[in-house]
Amino acid sequence: MERRYKRKGLLWLGSFVLILILGFATLTCTAGATPVSENGALSVRGTHIVNARGNTFQIKGVSTHGLAWFPEYVSKAAFQDLRDNWGANTVRLAMYTAEYGGYCSGGDQAALKAKIDEGVKAATDLGMYVIIDWHILNDNNQPFGPAGQNAAIGFFTEMAGKYRNHNNVLYEICNEPTSANGGSWGNIKAYANAVIGAIRQIDGDAIIIVGTPTWSQDVDVAAQSPLSGGNLVYALHFYAGTHKESYRQKAATAIQAGLPLLVSEFGISDASGNGSLNTSEGNKWISFLNQHGIGYVAWNLSNKNESSALLKSSVKKTSGWSLSNLSKSGKWLVKKYGGKLSGKAADTSTKKKSSKKTTTAKKTTSKKTTAKKTTEKTTKKTSAKTSSKTVKATAKNAKASVQVTGSWFDGQRYYTQYKLTVKNKSKNKLSGWKVKVKFQNAVQQSGDWNGKYTFKSNTIVIKPVSYNKKIAAKKSVTDIGFIVSSAVPDNKVVSAKVVK
Ligand code: IDC
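Residues numbered from 1 in each chain as written. Predicted model: local features only at pLDDT ≥ 70, side-chain atom pairs only at ≥ 80, totals over all residues. Heavy atoms only, no water.

**A look at the overall build of the protein**
The number of helices and strands found in the protein is 12 helices and 20 strands. Considering the protein as a whole, with its 500 residues, one finds that 48% of them fall into the buried category. Taking the contacts inside the protein whose residues are at least 6 apart along the sequence as the reference set, 74% of them involve residues at least 24 apart. Approximately 24500 Å² of the protein is accessible, and the part contributed by carbon and sulfur atoms is 55%. (Helix = DSSP H or I, 4+ residues; strand = E, 2+ residues; numbered from the N terminus. Buried < 20%, exposed > 50% of the residue type's maximum accessible area, 1.4 Å probe, protein only. Contact = heavy atoms within 4.5 Å. Areas by Shrake-Rupley, 256 points an atom, 1.4 Å probe, with all protein chains shown as cover.)

As structure tokens, then:
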């Protein structure tokens, strides 16, 4: 008898455990559904990107900043936040070809490719789509000329070889063609045919994103004479602070002509990536794109001190962000993407708690005031070191220095990329600055960022932009850079000085 009972008991226990296991497996399967597991390989049909079942699939992505610039945000933990808390299904890996350790301007190519591998692996593990972006911009080293084209073919041949069996990798072959970098539609087409040809020999069906003239705005021009071949989409970029209705009109014209578009980069700042945000134009853009089933990817995942950065500049965390860690752009984006962080339920619960929070907050503020007082005291004590005076920058109180960060030859001219640092040596705050850089021989402007530049024969005068104008005592501004070209090799900098 006893034995029998025992056996029966064991049987019951066994079935119970089995049910538990099965139940858990179904649960984890649903919980484990990812954008890629649900949609499979993407392709292009008509003016839409579609999933494996042929239904319109809207990319909702986040772009990294430059991979050499902010490599710390390329990780599984960060991308998982984008997927689970921000509502993104795609990551774009932006690899500059010229600026800041660019792939074609002396940047560490092996390190850049290792970053891409890391990014693709993270996205693949998370079931997210990933765009490998050849981020041409201010490069006057002719990205559409023979040297640029060969570099792109070499790069994408390698990428396609590695990722041909991935169903989640997209290739973006030229971020933003401009007249300055030689990107007329004719030149882009010739380049695209060559680069696409190279990719297609290895990977027959991955989606390829092709940039369009004038910083990927003239999709209407591309629509008049599209490329042949399947699974191609054309890049449309906008920054809502600058690009409004007339640019949506261009998009509408292109769509009407049957051109498939993807907004592989956008922001709600102005076109510089900085300045005030225009959320109402941003909202108009998103509803326009939703209406047409067009996907979009937001610029940029970093804490850079610029309004298009999606994280607050004070936030040092590289993943595990709360809503309060996000910049205004970031908060707006998460709301648009319907991410968990902006969830309505979460909102109401915080509202209920908020009255409590304010009172505690008040208490902490009063504590803070005492803290402030003590800091004030200490600052007074140390005031011999720094002062609250604001003065103009002179050669005496500030120092300018330039550093070569890359150089190359395009077959005709010699290009050099520089980084400029302006250091405030004094104990006073500087209200502004102006730097003169003198070369041995004449230079031509080929690219610049984060400053206002005047080029004249062999000198460049550089003035700040709004956010790097003031320099606190003993501090420096960095992150300013430019590219010059010379007719002769080895054109050295004679002097870099702070001038009045
Ligand atoms: C900007 C970055 C900025 C960096 C600059 C370099 O936001 O931090 O100093 O590039 O030139 C684009 C480009 C994108 C730009 C962005 C904002 O694709 O690289 O990033 N933008 O200017 N096209 C339109 C705007």
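And the narrative resumes.
**Things to note about the sheet that holds strand β17 (residues 452–456)**
A sheet is described by the order of its strands in space; here 4 strands give the open sequence β17-β18-β15-β20, paired in antiparallel fashion. Looking at the sheet topology across the chains shown, the edges are occupied by β17 and β20 (493–498). Across this sheet, the average inter-strand angle for adjacent strands is 15°, counted without regard to direction. Here β17 runs beside strand β18 (residues 459–463); their pairing, made up of 5 bridges, is antiparallel. For K452, the partnering residue across the bridge sits in β18 and is K463. (Pairing = 2+ DSSP bridges. Axes fitted to C-alpha atoms, helices over the stretch in contact; angles between N-to-C directions.)

**Observations concerning the confidence of the model for the protein**
Chain-level statistics for the protein give a pLDDT mean of 86 and a share of 84% at 70 or above. Contacts from residues 22–30, a stretch scored under 50 in pLDDT, to residues over four places away or in other chains number 0 contacts. The model gives residues 344–384 a pLDDT under 50, and that stretch makes 3 contacts with residues more than four places away or in other chains. (pLDDT = per-residue confidence, 0-100.)

**A short note on helix α4 (residues 109–126)**
When the terminal C-alpha atoms of α4 are compared, their 26 Å separation across 18 residues agrees well with the 26 Å that a helix rising 1.5 Å per residue should span. Looking at α4, one finds that the buried residues are L112, K113, K115, I116, G119, V120, A122, A123 and L126. Those residues of α4 that are buried lie in contact with α2 (35–39), α3 (76–86), β4 (90–96), β5 (129–135), α5 (146–163) and β6 (169–172). Backbone geometry just after α4 places G127 at a positive phi near 70°. (Expected span 1.5 Å × (residues − 1).)

**Remarks on the nonpolar core**
Ranked by internal contacts, the top residues of the largest apolar core, which has 92 residues, are W86, Y171 and I173. Here Y171 is in contact with I132, F156, M159, A160, Y163, R164, I199, D203, A206, I207, I208 and I209, once residues within four sequence places are set aside. (Core = buried A, V, L, I, M, F, W, Y, C linked by side-chain atoms within 4.5 Å.)

**A short note on the site of the ligand**
Around the ligand sit 19 residues, and of these Y96, H135, E176, K304 and E306 come closest. A271 is positioned with one of its backbone polar atoms (N or O) 3.0 Å from an oxygen atom of the ligand. A distance of 2.9 Å is found between an oxygen atom of the ligand and a backbone nitrogen or oxygen belonging to S272. Out of a free accessible area of 510 Å², the ligand has 92% covered by protein chains. (Near = heavy atom within 4 Å. Polar contact = N/O pair within 3.5 Å; in protein donor to acceptor, adjacent residues only side chain to side chain.)

**Structural notes on a positive patch on the surface**
Among the surface-exposed residues, K389, K399, K423, K425, K427 and K474 lie close enough to one another that they form a single positively charged patch. In this fold, K389 is placed in the loop between α12 (344–382) and β11 (390–391). (Patch = residues over 30% accessible without salt bridge, like charges linked within 9 Å, V, L, I, M, F, W, Y side chains within 5 Å. Salt bridge = Lys/Arg side-chain N within 4 Å of Asp/Glu carboxyl O. Lys, Arg positive; Asp, Glu negative; His and termini not counted. Charge placed at Lys NZ, Arg CZ, Asp CG, Glu CD.)

**Brief notes about the packing of α3 against α4**
For the pair α3 and α4, the least separation of the axes is 9 Å and the interaxial angle reads 45°. It follows that α3 is oblique to α4 by the angle criterion. For the pair α3 and α4, the sense of crossing is right-handed. Of the residues in α4, those in contact with K76, F79, Q80 and R83 of α3 are G119, A122, A123, D125 and L126. Partitioned by chemical class, the residues of the contact of α3 with α4 number 4 nonpolar, 2 polar and 3 charged. (Parallel < 35°, antiparallel > 145°, perpendicular 65-115°, else oblique. Left-handed = near helix turned anticlockwise from the far one by under 90°. Nonpolar A, V, L, I, M, F, W, Y, C, P; charged D, E, K, R; others polar.)

**Notes on the sheet that holds strand β10 (residues 296–301)**
Spatially, 8 strands are ordered β3-β4-β5-β6-β7-β8-β9-β10 in a closed barrel, and the strand pairing comes out parallel. The mean angle between the axes of side-by-side strands here comes to 30°, regardless of whether they run parallel or antiparallel. Pairing between strand β9 (residues 261–267) and β10: 2 bridges, direction parallel. When the sheet's bridge partners are listed, F266 is paired in β10 with A298. Strands β3 (60–66), β4 and β10 of the sheet are contacted by α3, whose axis makes an angle of about 140° with β4.

**Here's the deal with unusual backbone geometry**
Cis peptide bonds are those with omega within 30 degrees of zero, and the linkage from W299 to N300 qualifies with 5°. For N300, the location among the structural elements is in strand β10. For Y100, which is not a glycine, the phi torsion comes out positive at approximately 45°. Within the secondary structure, Y100 sits in the loop between β4 and α4. Its identity as a non-glycine residue notwithstanding, T214 has a phi of 55°, on the positive side. Here T214 is to be found in helix α7 (residues 213–216).

**Focus on helix α10 (residues 279–291)**
The first and last C-alpha atoms of α10 sit 18 Å apart over 13 residues, in line with the 18 Å expected at 1.5 Å per residue. Within α10 the residues assigned to the buried category are E281, G282, W285, I286, F288 and L289. The buried side chains of α10 occupy one side of the element, clustering within an arc of 160° when seen end-on. Looking at the buried residues of α10, the elements they touch are β8 (232–239), α9 (245–256), β9, β10 and α11 (328–336). (Arc of directions from axis to C-beta.)

**Some thoughts on the pairing of β18**
Counting buried residues in β18 gives 4 out of 5 residues, a clear majority hidden from the surface. Direction of pairing for strand β15 (residues 435–439) relative to β18: antiparallel, over a ladder of 4 bridges. When the bridges of β18 are listed, V435 appears paired with I462. Counting the residues that bridge the hairpin from β17 to β18 gives 2 residues, and of these S457 lies at a positive phi of roughly 45°.

**Comments concerning the environment of S431**
Mapped onto the fold, S431 is located in the loop between β14 (429–430) and β15. Put simply, S431 and A393 are 38 residues apart on the chain and 7.2 Å apart in space, counted from C-alpha to C-alpha.

**Structural notes on the environment of S308**
On the secondary structure map, S308 appears in the loop between β10 and α11. Sequence separation between S308 and S327 is 19 residues; the distance between their C-alpha atoms is 8.5 Å. Once you skip the residues sitting within four places of it in the chain, S308 turns out to touch S269, G273, W299, N300 and S329.

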